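Close look at the chain arrangement
So you can see what is in the structure, the chains are spelled out below.
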Amino acid sequence: MREFYHKRDENIEKGFVFAGAGWRVEFTPAGHIARLGRKPMNSQPTPLLSWREAVHAAMYDATLAELRGRHGTADVSFNYRWEHVTAVVALALRLAELTRADAETAEAAAWLHDICKFSDGERHPIAGAAYARAFLPTTDFPAGKIDAVADAIADHMGLWRDEPLTVLESQVLWDADKLAKIGLTAVFHWTGGSLAGRRPHTLAQLIHRARANDWMPRTVASMHTAPARRAARARLAAYFQLYDALESELSGDDLF
(Lines give C-alpha, C1' and ligand atoms only; values in the text may rest on other atoms or scores of the structure.)
Protein backbone atom coordinates (compact mmCIF):
# COMPACT_ATOMS: atom_id res chain seq x y z
CA MET A 1 0.00 0.00 0.00
CA ARG A 2 1.25 3.49 -0.79
CA GLU A 3 -0.21 7.00 -0.70
CA PHE A 4 -1.52 8.89 -3.71
CA TYR A 5 -3.30 12.19 -4.21
CA HIS A 6 -6.82 12.23 -5.63
CA LYS A 7 -8.54 15.29 -7.11
CA ARG A 8 -12.17 15.56 -5.95
CA ASP A 9 -13.99 18.66 -7.14
CA GLU A 10 -11.42 21.40 -6.48
CA ASN A 11 -9.76 19.63 -3.57
CA ILE A 12 -6.78 17.30 -3.48
CA GLU A 13 -7.23 14.40 -1.07
CA LYS A 14 -4.62 11.95 0.10
CA GLY A 15 -5.66 8.35 -0.51
CA PHE A 16 -4.13 4.92 -0.85
CA VAL A 17 -3.18 2.58 -3.66
CA PHE A 18 -3.39 -1.20 -3.41
CA ALA A 19 -1.76 -3.00 -6.34
CA GLY A 20 -1.82 -6.70 -7.06
CA ALA A 21 -0.82 -8.90 -9.96
CA GLY A 22 -2.41 -7.08 -12.88
CA TRP A 23 -4.61 -4.88 -10.67
CA ARG A 24 -4.42 -1.34 -9.30
CA VAL A 25 -7.09 0.07 -7.00
CA GLU A 26 -7.06 3.63 -5.67
CA PHE A 27 -9.16 4.54 -2.63
CA THR A 28 -10.00 7.95 -1.25
CA PRO A 29 -9.50 8.57 2.49
CA ALA A 30 -13.21 7.88 3.06
CA GLY A 31 -12.85 4.45 1.49
CA HIS A 32 -14.43 5.21 -1.88
CA ILE A 33 -12.91 3.65 -4.97
CA ALA A 34 -11.27 6.48 -6.89
CA ARG A 35 -9.93 4.43 -9.77
CA LEU A 36 -9.87 0.74 -10.62
CA GLY A 37 -8.06 -0.82 -13.54
CA ARG A 38 -5.46 -3.20 -14.84
CA LYS A 39 -1.82 -2.22 -14.83
CA PRO A 40 -0.05 -1.93 -18.19
CA MET A 41 1.11 -5.27 -19.53
CA ASN A 42 4.75 -4.19 -19.53
CA SER A 43 4.75 -3.23 -15.85
CA GLN A 44 6.59 -5.37 -13.38
CA PRO A 45 4.29 -7.83 -11.54
CA THR A 46 3.57 -6.90 -7.94
CA PRO A 47 3.34 -9.68 -5.36
CA LEU A 48 -0.17 -10.17 -4.05
CA LEU A 49 -0.88 -8.74 -0.63
CA SER A 50 -1.62 -11.03 2.29
CA TRP A 51 -5.39 -10.80 2.50
CA ARG A 52 -5.58 -10.84 6.30
CA GLU A 53 -3.02 -8.06 6.62
CA ALA A 54 -4.71 -6.11 3.83
CA VAL A 55 -8.29 -6.26 5.20
CA HIS A 56 -7.00 -5.52 8.70
CA ALA A 57 -5.15 -2.41 7.47
CA ALA A 58 -7.99 -1.24 5.22
CA MET A 59 -10.59 -1.55 7.97
CA TYR A 60 -8.40 0.18 10.54
CA ASP A 61 -7.79 3.07 8.13
CA ALA A 62 -11.57 3.33 7.61
CA THR A 63 -12.13 3.56 11.37
CA LEU A 64 -9.63 6.40 11.62
CA ALA A 65 -11.41 8.21 8.80
CA GLU A 66 -14.68 7.76 10.70
CA LEU A 67 -13.18 9.16 13.89
CA ARG A 68 -11.86 12.20 12.04
CA GLY A 69 -15.24 12.69 10.42
CA ARG A 70 -17.15 12.43 13.69
CA HIS A 71 -14.74 14.11 16.09
CA GLY A 72 -12.34 16.11 13.95
CA THR A 73 -9.46 13.92 15.11
CA ALA A 74 -8.51 10.27 15.34
CA ASP A 75 -6.95 10.89 18.75
CA VAL A 76 -9.94 9.84 20.86
CA SER A 77 -10.27 7.60 23.88
CA PHE A 78 -12.32 4.82 22.25
CA ASN A 79 -12.51 3.63 18.64
CA TYR A 80 -16.02 2.20 18.57
CA ARG A 81 -15.95 0.97 14.96
CA TRP A 82 -12.70 -0.93 15.45
CA GLU A 83 -13.94 -2.55 18.65
CA HIS A 84 -17.18 -3.54 16.93
CA VAL A 85 -15.51 -5.00 13.85
CA THR A 86 -12.92 -7.00 15.80
CA ALA A 87 -15.71 -8.42 17.98
CA VAL A 88 -17.67 -9.39 14.86
CA VAL A 89 -14.60 -11.12 13.40
CA ALA A 90 -14.15 -13.20 16.55
CA LEU A 91 -17.83 -14.15 16.64
CA ALA A 92 -17.95 -14.96 12.91
CA LEU A 93 -14.97 -17.28 13.22
CA ARG A 94 -16.50 -19.09 16.18
CA LEU A 95 -19.89 -19.39 14.45
CA ALA A 96 -18.21 -20.65 11.28
CA GLU A 97 -16.50 -23.34 13.33
CA LEU A 98 -19.74 -24.35 15.03
CA THR A 99 -21.87 -24.35 11.87
CA ARG A 100 -19.23 -25.57 9.38
CA ALA A 101 -19.53 -22.42 7.33
CA ASP A 102 -16.54 -21.46 5.21
CA ALA A 103 -14.17 -19.77 7.66
CA GLU A 104 -12.26 -17.66 5.13
CA THR A 105 -15.45 -16.26 3.66
CA ALA A 106 -16.88 -15.48 7.09
CA GLU A 107 -13.66 -13.87 8.31
CA ALA A 108 -13.10 -11.68 5.26
CA ALA A 109 -16.76 -10.57 5.26
CA ALA A 110 -16.56 -9.74 8.96
CA TRP A 111 -13.46 -7.59 8.48
CA LEU A 112 -14.99 -5.65 5.60
CA HIS A 113 -18.69 -5.55 6.50
CA ASP A 114 -18.53 -1.96 7.83
CA ILE A 115 -15.73 -0.67 5.58
CA CYS A 116 -18.15 1.86 4.06
CA LYS A 117 -20.32 2.45 7.13
CA PHE A 118 -19.33 6.07 7.68
CA SER A 119 -18.91 7.04 4.04
CA ASP A 120 -22.13 5.47 2.72
CA GLY A 121 -24.49 5.24 5.71
CA GLU A 122 -27.52 3.05 5.06
CA ARG A 123 -26.08 2.04 1.69
CA HIS A 124 -22.95 0.66 3.32
CA PRO A 125 -23.76 -3.03 2.73
CA ILE A 126 -24.03 -2.53 -1.04
CA ALA A 127 -21.03 -0.18 -1.10
CA GLY A 128 -19.06 -2.60 1.07
CA ALA A 129 -19.86 -5.48 -1.27
CA ALA A 130 -18.55 -3.46 -4.23
CA TYR A 131 -15.45 -2.58 -2.24
CA ALA A 132 -14.79 -6.25 -1.46
CA ARG A 133 -15.15 -7.24 -5.11
CA ALA A 134 -12.62 -4.58 -6.13
CA PHE A 135 -10.24 -4.94 -3.20
CA LEU A 136 -9.89 -8.66 -2.57
CA PRO A 137 -8.49 -9.42 -6.06
CA THR A 138 -5.47 -7.27 -5.11
CA THR A 139 -4.70 -9.78 -2.36
CA ASP A 140 -4.06 -13.51 -2.17
CA PHE A 141 -7.65 -14.19 -1.08
CA PRO A 142 -9.10 -17.19 -2.97
CA ALA A 143 -10.71 -15.77 -6.10
CA GLY A 144 -13.52 -18.32 -6.06
CA LYS A 145 -14.75 -17.07 -2.68
CA ILE A 146 -14.86 -13.33 -3.41
CA ASP A 147 -18.47 -13.31 -4.60
CA ALA A 148 -19.55 -15.15 -1.44
CA VAL A 149 -17.79 -12.52 0.69
CA ALA A 150 -19.47 -9.69 -1.21
CA ASP A 151 -22.87 -11.36 -1.00
CA ALA A 152 -22.54 -11.81 2.78
CA ILE A 153 -21.62 -8.13 3.20
CA ALA A 154 -24.56 -7.05 1.03
CA ASP A 155 -26.91 -9.23 3.13
CA HIS A 156 -25.97 -7.93 6.59
CA MET A 157 -28.22 -4.84 6.64
CA GLY A 158 -30.94 -4.42 9.25
CA LEU A 159 -31.34 -4.98 12.98
CA TRP A 160 -34.00 -7.65 12.38
CA ARG A 161 -35.34 -9.60 9.43
CA ASP A 162 -38.84 -10.44 8.28
CA GLU A 163 -37.47 -13.25 6.12
CA PRO A 164 -34.37 -15.28 7.05
CA LEU A 165 -31.26 -15.40 4.92
CA THR A 166 -30.66 -18.70 3.17
CA VAL A 167 -26.88 -18.81 2.57
CA LEU A 168 -24.92 -20.06 5.58
CA GLU A 169 -22.04 -17.57 5.35
CA SER A 170 -24.51 -14.68 5.12
CA GLN A 171 -26.32 -16.07 8.15
CA VAL A 172 -23.05 -16.28 10.08
CA LEU A 173 -22.09 -12.68 9.34
CA TRP A 174 -25.57 -11.35 10.12
CA ASP A 175 -25.70 -13.23 13.41
CA ALA A 176 -22.16 -12.19 14.42
CA ASP A 177 -22.82 -8.54 13.62
CA LYS A 178 -26.03 -8.46 15.63
CA LEU A 179 -24.65 -10.45 18.57
CA ALA A 180 -22.10 -7.65 18.97
CA LYS A 181 -24.98 -5.17 19.31
CA ILE A 182 -26.69 -6.84 22.27
CA GLY A 183 -25.52 -8.03 25.65
CA LEU A 184 -22.65 -6.69 27.73
CA THR A 185 -20.58 -6.19 24.58
CA ALA A 186 -23.10 -3.57 23.47
CA VAL A 187 -23.09 -1.90 26.90
CA PHE A 188 -19.37 -1.29 26.87
CA HIS A 189 -19.09 -0.54 23.15
CA TRP A 190 -21.85 2.03 23.17
CA THR A 191 -20.77 3.59 26.44
CA GLY A 192 -17.19 3.85 25.24
CA GLY A 193 -18.31 5.32 21.92
CA SER A 194 -20.56 7.86 23.62
CA LEU A 195 -17.84 9.04 25.98
CA ALA A 196 -15.17 9.27 23.28
CA GLY A 197 -16.42 12.61 21.97
CA ARG A 198 -16.47 16.04 23.50
CA ARG A 199 -20.17 16.18 24.32
CA PRO A 200 -20.89 15.69 28.04
CA HIS A 201 -23.16 12.85 29.14
CA THR A 202 -24.91 12.04 32.39
CA LEU A 203 -25.34 8.50 33.65
CA ALA A 204 -29.10 8.98 33.49
CA GLN A 205 -28.84 9.84 29.79
CA LEU A 206 -26.74 6.75 29.08
CA ILE A 207 -29.24 4.53 30.87
CA HIS A 208 -32.20 6.11 29.09
CA ARG A 209 -30.61 5.56 25.67
CA ALA A 210 -29.81 1.97 26.53
CA ARG A 211 -33.38 1.31 27.67
CA ALA A 212 -34.73 2.89 24.46
CA ASN A 213 -33.29 0.11 22.30
CA ASP A 214 -36.62 -1.68 22.02
CA TRP A 215 -35.59 -3.43 18.78
CA MET A 216 -33.41 -5.94 20.59
CA PRO A 217 -36.08 -8.67 21.09
CA ARG A 218 -36.76 -8.58 17.34
CA THR A 219 -33.04 -8.98 16.71
CA VAL A 220 -32.91 -12.01 18.98
CA ALA A 221 -35.90 -13.53 17.18
CA SER A 222 -34.18 -13.00 13.82
CA MET A 223 -31.04 -15.00 14.59
CA HIS A 224 -30.37 -17.74 12.06
CA THR A 225 -27.96 -20.21 13.61
CA ALA A 226 -28.68 -22.30 16.71
CA PRO A 227 -25.56 -21.12 18.62
CA ALA A 228 -26.42 -17.48 17.92
CA ARG A 229 -30.04 -17.94 19.03
CA ARG A 230 -28.91 -19.41 22.36
CA ALA A 231 -26.30 -16.71 22.90
CA ALA A 232 -28.65 -13.90 21.86
CA ARG A 233 -31.27 -14.87 24.44
CA ALA A 234 -28.65 -14.98 27.19
CA ARG A 235 -27.08 -11.70 26.08
CA LEU A 236 -30.39 -9.88 25.99
CA ALA A 237 -31.19 -11.03 29.53
CA ALA A 238 -27.74 -9.96 30.75
CA TYR A 239 -28.15 -6.55 29.09
CA PHE A 240 -31.35 -5.70 30.94
CA GLN A 241 -30.18 -7.31 34.18
CA LEU A 242 -27.15 -5.02 34.20
CA TYR A 243 -29.26 -1.88 33.84
CA ASP A 244 -31.78 -3.16 36.40
CA ALA A 245 -28.96 -3.66 38.89
CA LEU A 246 -27.42 -0.28 38.09
CA GLU A 247 -30.68 1.60 38.59
CA SER A 248 -31.30 -0.35 41.79
CA GLU A 249 -27.94 0.80 43.14
CA LEU A 250 -28.40 4.41 42.06
CA SER A 251 -31.85 4.65 43.64
CA GLY A 252 -30.86 2.81 46.80
CA ASP A 253 -33.44 0.07 46.21
CA ASP A 254 -30.74 -2.50 46.91
CA LEU A 255 -30.71 -1.31 50.54
CA PHE A 256 -34.03 -2.99 51.26
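Every chain is numbered on its own, with residues counted from 1 as its sequence reads. Whole-chain, interface and lining totals are the exception, using all residues; otherwise, since this is a predicted model, local features are given only for residues with pLDDT of at least 70 and side-chain atom pairs are given and counted only at 80 or more. Only heavy atoms go into the side-chain values, all of them from the structure, while hydrogens and water stay out.

Here we take up the packing of aromatic side chains. Pairing of aromatic rings covers Phe, Tyr and Trp, the last counted by its six-membered ring, and requires centre-to-centre distances within 6.5 Å; plane angles under 30 degrees mean stacked, over 60 mean edge-to-face, and any other angle means tilted. Following the criterion strictly, the structure yields seven aromatic pairs and no others. Measuring from ring centre to ring centre gives 6.1 Å for Trp190 and Trp215, while their planes differ by 70°; the resulting arrangement is edge-to-face. With a gap of 25 residues between them, Trp190 in helix α8 (residues 183–195) and Trp215 in the loop between α9 (203–211) and α10 (216–221) connect regions that are remote in the sequence. Secondary structure follows DSSP: runs of H or I at least 4 residues long count as helices, runs of E at least 2 residues long count as strands, and numbering of each begins at the N terminus.

This paragraph deals with the pattern of salt bridges. Side-chain pairs of opposite charge can arise where the charged atoms are in close proximity. Here a salt bridge means any side-chain nitrogen of Lys or Arg lying within 4 Å of a carboxyl oxygen belonging to Asp or Glu. This structure, assessed with the given rule, holds 15 salt bridges. Here Glu97 ties to Arg94 by a salt bridge, and the two come within 3.8 Å at their closest N and O atoms. In this pair, Glu97 and Arg94 both sit in helix α2 (residues 80–99), three residues apart, roughly one turn of the helix. In this scheme, a residue with accessible area under 20% of its type's maximum is buried, one over 50% is exposed, and one in between is partly exposed, where area comes from a 1.4 Å probe on protein chains only. Take Glu97: its relative accessible area is 59%, and that puts it in the exposed class. Here Arg94 falls in the exposed class, since its relative accessible area comes to 53%. Among the ionic pairs, Arg211 bridges to Glu247, the shortest N-O distance being 2.6 Å. Here Arg211 is found in helix α9, whereas its partner Glu247 is found in helix α11 (residues 226–251), with 36 residues between them in sequence. Residue Arg211 is classed as partly exposed on the basis of its relative accessible area, which comes to 30%. Of the residues examined, Glu247 reaches a relative accessible area of 34% and is grouped as partly exposed.

The analysis is restricted to geometry; functional conclusions fall outside its scope.
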